[in-house]
Amino acid sequence: MEILDKLKEDIRGELEGVSLVIGWERGYDSLHTTPLFIRCPEDIDRLIWNPLCVHNLASYLPWFKGRRVGILVKGCDSRTVIQLLQERLIQREEVVIFGIPCQGVVDLAKIRARVDCSQVRGVSFKGDKIAIETPQGQRELPLEEILATKCISCQYPTPLIYDHLAGEAISSHRPPGLLFAEVEKIEKLDPKERFAYWQQELQRCIRCYACRNACPLCVCQDFCAADARDPHWLSQKTGIGEKFMWQILHAIHLAGRCTDCGECERACPMDIPIQRIRKKINKEIKELFGYEAGVNLEVTPPLYTFQVEEPAIKEREW
Amino acid sequence: MSGMERKELRIVGFLCNWCSYGGADTAGVSRFKQPTDLRIIRVPCSGRVDPLLVVKAFMEGADGVLVSGCHPRDCHYAEGNFYARRRLEVLKRFLPFMGIEPGRFEYTWVSASEGARWQKVVTEFTNQIHRLGPIRRKGDGGGDIR
């Protein structure tokens, strides 16, 4: 609990100078959390911090441009803040960053697959286990089993940028080799199988654009290419082609920008593993330009710049 | 050359106005024989080619897409093709992940004076697409992408 106490103390100290602080509070049941907007000292008591605080709150930051706001970030969320700063979508002096060293958050889909979550009565954390109380009795699950995929290969548990840090900085104990494990699995298939794989996954897509709306780097808001009539990138047809087009469109607009926070996949109501599409581009960007989005504030994102001689690009000579 | 011997495929070419389009013109003026599968779309610069244009072409049923611009350092707009090179390289590595075979998309550089080179590029690329065949045959299990 000491992380939470430190957070509350830091927020109390800063609240005067900001219009609001964004954190997490209990949602409609104890298994779900929801973003909390702290505007007055009384709101601070509702703040919580535990592995259920899944949301990347940095998604809200571009909305508050022009106002000074405080934000709570985990290690992964801090990368989004850095990327937003790099693209000048937010100003450094307009954000107060409360960093939290994070040991990983849960993937609710993984819990739902193991426990019937329709009537959760209580949730508690005991060491590295989560105990969920339902009318059928109490179920204990090891946290390691239900951690979000991004946490299993997390390289940045401590925020890379912060004004206040709650607790001691921790370093990653996760093997970096796992970072692209799922991508590599798909790469091993031949093109026909790959197409069949995506066809099977993407046919579930209902184009609700939850992935876009949750994405902290989708900042076009009302000017999204997917909604444009001219050019008409996407029609109102319901075929698989439009679903492919949408997912590729999103991934390409994130090329060299995606910080791998996993909000797209978490928000997907059809549980489609869409983060893999973004991850594939991240992998190529890393190989080509040695760049990881949201890690270094000083570097220009690779697609916003160029080199006259590209050492990594082997252009085809016909 | 091709139309009589084999079924024509749909290949889309995005050519920059200043070099490759001129190169294709030079090839035509010089009466070099070329396959006729390629449909040319003239763009101001290879930097104008949004990767999504390529994706959209595939989704609309193109069997192959070729982007061609000025040689690096020779861009009419000084640096358009440098940006294009980065984007197109990422796209080229990404498309196979979604199930579009490697080789269906290529980018290259042809200058306005290189008529012979244009002939070589278009012939080789067309042959490459013919080896891969139409992008989705009806009834191959995958079905039509549309």
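Residues numbered from 1 in each chain as written. Chains lettered and ligands numbered in written order. Predicted model: local features only at pLDDT ≥ 70, side-chain atom pairs only at ≥ 80, totals over all residues. Heavy atoms only, no water.

A. How the structure looks around the sheet that holds strand β8 (residues 164–165) of chain A. Residue and element names in this part refer to chain A. Strand order in the open sheet made by the five strands is β2-β1-β3-β4-β8, with mixed pairing throughout. Edge positions in the sheet fall to β2 (33–38) and β8, since each of these pairs with one other strand and no more. Both strand β4 (residues 95–99) and β8 contribute to a ladder of two bridges, which runs parallel. By the bridge assignment for β8, Gly 99 is matched with Leu 165. The strands touched by helix α1 (residues 2–14) are β1 (20–26), β2, β3 (69–73), β4 and β8; relative to β4, the strand with the most contacts, the crossing angle is about 165 degrees. Packed on one face of the sheet, helix α2 (residues 75–86) meets β1, β3 and β4 and runs near 140 degrees to β3. (Pairing = 2+ DSSP bridges. Helix = DSSP H or I, 4+ residues; strand = E, 2+ residues; numbered from the N terminus. Contact = heavy atoms within 4.5 Å. Axes fitted to C-alpha atoms, helices over the stretch in contact; angles between N-to-C directions.)

B. Layout of the sheet that holds strand β1 (residues 11–16) of chain B. Residues and elements named next belong to chain B. One open sheet accounts for four strands, arranged β2-β1-β3-β4; its pairing is parallel. Looking along the sheet, the strands with just one partner apiece sit at the ends: β2 (38–43) and β4 (105–109). Strand-to-strand twist of the sheet, defined as the mean angle between neighbouring strand axes without regard to direction, takes the value 20 degrees. Judged from the five bridges that link them, strand β3 (residues 64–69) and β4 form a sheet pairing that is parallel. Paired with Val 65 across the strands is Phe 105, a residue of β4. The strands touched by helix α2 (residues 51–59) within the sheet are β1, β3 and β4, with β3 carrying the most contacts at an inclination of about 155 degrees. Sheet strands in contact with helix α3 (residues 80–94) are β3 and β4, and its direction is about 155 degrees off that of β4.

C. Quick peek at the pattern of salt bridges. Inspection of the entire model under this criterion finds 30 salt bridges over all chains. Of the charged contacts in the structure, one is a salt bridge between Arg 117 of chain B and Glu 114 of chain B, with a shortest N-O distance of 3.5 Å. Given the relative accessible area of 23%, Glu 114 of chain B is considered partly exposed. Where salt bridges share partners, they join Glu 187, Lys 280, Lys 283, Glu 284 and Glu 287 of chain A together with Glu 89 and Arg 93 of chain B into one cluster. (Salt bridge = Lys/Arg side-chain N within 4 Å of Asp/Glu carboxyl O. Buried < 20%, exposed > 50% of the residue type's maximum accessible area, 1.4 Å probe, protein only.)

D. Here's a closer look at the domain arrangement of chain A. All names here are of chain A. The assigned domain composition of chain A is domain 1 (1–105 + 153–173) and domain 2 (175–318). Taken over C-alpha atoms, the centre of domain 1 sits 26 Å from the centre of domain 2. Between domain 1 and domain 2, a total of about 2,000 Å² is buried, with carbon and sulfur atoms accounting for 55% of that surface. Three residues, Arg 79, Gln 83 and Gln 86, lead the burial of domain 1 against domain 2; their summed loss comes to 28% of the area buried on that side. Summed over the shared surface of domain 1 and domain 2, the number is one salt bridge. For the pair domain 1 and domain 2, the interface holds eleven residue pairs in polar contact (both at pLDDT 80 or more). Looking at the side of domain 1 that touches domain 2, its residues break down into eleven nonpolar, nine polar and two charged. (Domains from an automatic or database assignment. Buried area = accessible area lost by both parts, 1.4 Å probe. Polar contact = N/O pair within 3.5 Å; in protein donor to acceptor, adjacent residues only side chain to side chain. Nonpolar A, V, L, I, M, F, W, Y, C, P; charged D, E, K, R; others polar.)

E. Looking closely at the packing of aromatic side chains. Scanning all chains against the criterion turns up eleven aromatic pairs over all chains. For the ring pair Phe 37 of chain A and Tyr 60 of chain A, a centre distance of 5.1 Å and an interplane angle of 80 degrees mean the geometry is edge-to-face. A residue pair is termed long-range when its members are at least 10 positions apart, and Phe 37 of chain A in strand β2 and Tyr 60 of chain A in the loop between β2 and β3 qualify at 23 residues. The exposure class of Tyr 60 of chain A is partly exposed, given its relative accessible area of 27%. A network of ring pairs unites the aromatic residues Phe 37, Tyr 60 and Phe 64 of chain A as a single cluster. Positioned above the aromatic ring of Tyr 21 of chain B, the side-chain terminus of Arg 42 of chain B is 4.6 Å from the ring centre. (Phe/Tyr/Trp six-rings, centres within 6.5 Å; stacked < 30°, edge-to-face > 60°. Lys NZ or Arg CZ within 6 Å of the ring centre and 35° of its normal.)

F. Up close: the nonpolar core. Trp 198 and Phe 244 of chain A together with Val 54, Phe 94, Met 98 and Phe 105 of chain B are the most contacted members of the largest nonpolar core, which totals 64 residues. The dominant element in this core, judged by the number of residues it contributes, is helix α9 (residues 240–253) of chain A, at eight residues. Excluding its chain neighbours within four sequence positions, the residues that come into contact with Phe 244 of chain A are Phe 195, Trp 198, Gln 199 and Leu 202 of chain A together with Met 59 and Met 98 of chain B. Of all hydrophobic cores here, the second largest spans 59 residues; its members include Ile 11, Val 54, Ala 58 and Ile 132 of chain A. (Core = buried A, V, L, I, M, F, W, Y, C linked by side-chain atoms within 4.5 Å.)

G. Examining the interface of chain B and chain A more closely. Across the boundary between the two partners, chain B contributes 42 residues, which contact 48 residues of chain A. Together, Arg 86, Phe 97 and Met 98 of chain B form the three largest contributors to the area buried by chain B at its contact with chain A, with a combined 21%. Linking chain B with chain A are four salt bridges, by the criterion used here. Measuring nitrogen to oxygen at the nearest pair gives 2.8 Å for the salt bridge that ties Arg 93 of chain B to Glu 284 of chain A. Of the residues that constitute the side of chain B that touches chain A, the class distribution is 20 nonpolar, four polar and 18 charged.

H. Spatial organisation of the state of the cysteines. Taken as a whole, this structure holds one disulfide over all chains when the rule is applied. Disulfide partner of Cys 19 of chain B: Cys 70 of chain B, at an S-S distance of 2.3 Å. Its S-S torsion of approximately 95 degrees makes the covalent link between Cys 19 of chain B and Cys 70 of chain B right-handed. Residue Cys 19 of chain B is found in the loop between β1 and α1 (20–29), and its partner Cys 70 of chain B is found in the loop between β3 and α3; the two are separated by 51 residues along the sequence. Across this residue pair, the class does not change: Cys 19 of chain B and Cys 70 of chain B are buried. Cys 208 of chain A carries a free sulfur, and the closest cysteine sulfur to it, the one in Cys 211 of chain A, is 6.3 Å from it. (Disulfide = S-S within 2.5 Å.)

I. Representation of the pairing of β4 of chain B. Residue and element names in this part refer to chain B. Summarising burial for β4: five of the five residues are buried, a large majority. Here β4 shows a buried face lined by Phe 105, Tyr 107 and Trp 109 and a second buried face lined by Glu 106 and Thr 108. The handedness of the β3 to β4 crossover, carried by α3, is right-handed. (Right-handed = clockwise from strand over helix to strand, strands pointing away.)

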